[in-house]
Amino acid sequence: MIPSLAFSILAALLPIRQETITDDLKNPFALGPAPQRIISLAPNITEILFELGLGSRTIGVTRYCDYPPEALAKDKIGGMVD
């Protein structure tokens, strides 16, 4: 899993609050409020989001996202090329 995806998923799970953290390079990074709407850009990410209980926040998925079945009801945003 790429670091930015892991950080995005972690940020989505955090309660809404303002906080500053320091990354591994000692750079400060301000966390904003947790995302309320998520658009998944790949089927594997969609599956992870639903497994983490973030399906209700997921508002869009690719046309290839067919699992879990709840993903089929979400708005489609296209595929990797379009």
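Below: a short report on this structure.

Here we come to the overall build of the protein chain. Regarding its fold elements, the protein chain presents two helices and five strands. Along its sequence from the N terminus, the protein chain presents helices and strands in the succession α-β-β-β-α-β-β. The 82 residues of the protein chain split such that 29% are buried. At a minimum sequence separation of 6, the contacts of the protein chain that also span at least 24 residues come to 16%. Carbon together with sulfur atoms contributes 60% to the accessible area of the protein chain, which is approximately 5800 Å² in total.

Among the residues of helix α2 (residues 43-51), I45, T46, L49 and F50 are the ones counted as buried. Axial view of α2: buried residues confined to an arc of 135°, hence all on one face. With its phi angle positive at about 85°, G53 sits one or two positions after the end of α2.

Rules used in this analysis
- Residues numbered from 1 in each chain as written.
- Predicted model: local features only at pLDDT ≥ 70, side-chain atom pairs only at ≥ 80, totals over all residues.
- Heavy atoms only, no water.
- Helix = DSSP H or I, 4+ residues; strand = E, 2+ residues; numbered from the N terminus.
- Buried < 20%, exposed > 50% of the residue type's maximum accessible area, 1.4 Å probe, protein only.
- Contact = heavy atoms within 4.5 Å.
- Areas by Shrake-Rupley, 256 points an atom, 1.4 Å probe, with all protein chains shown as cover.
- Arc of directions from axis to C-beta.

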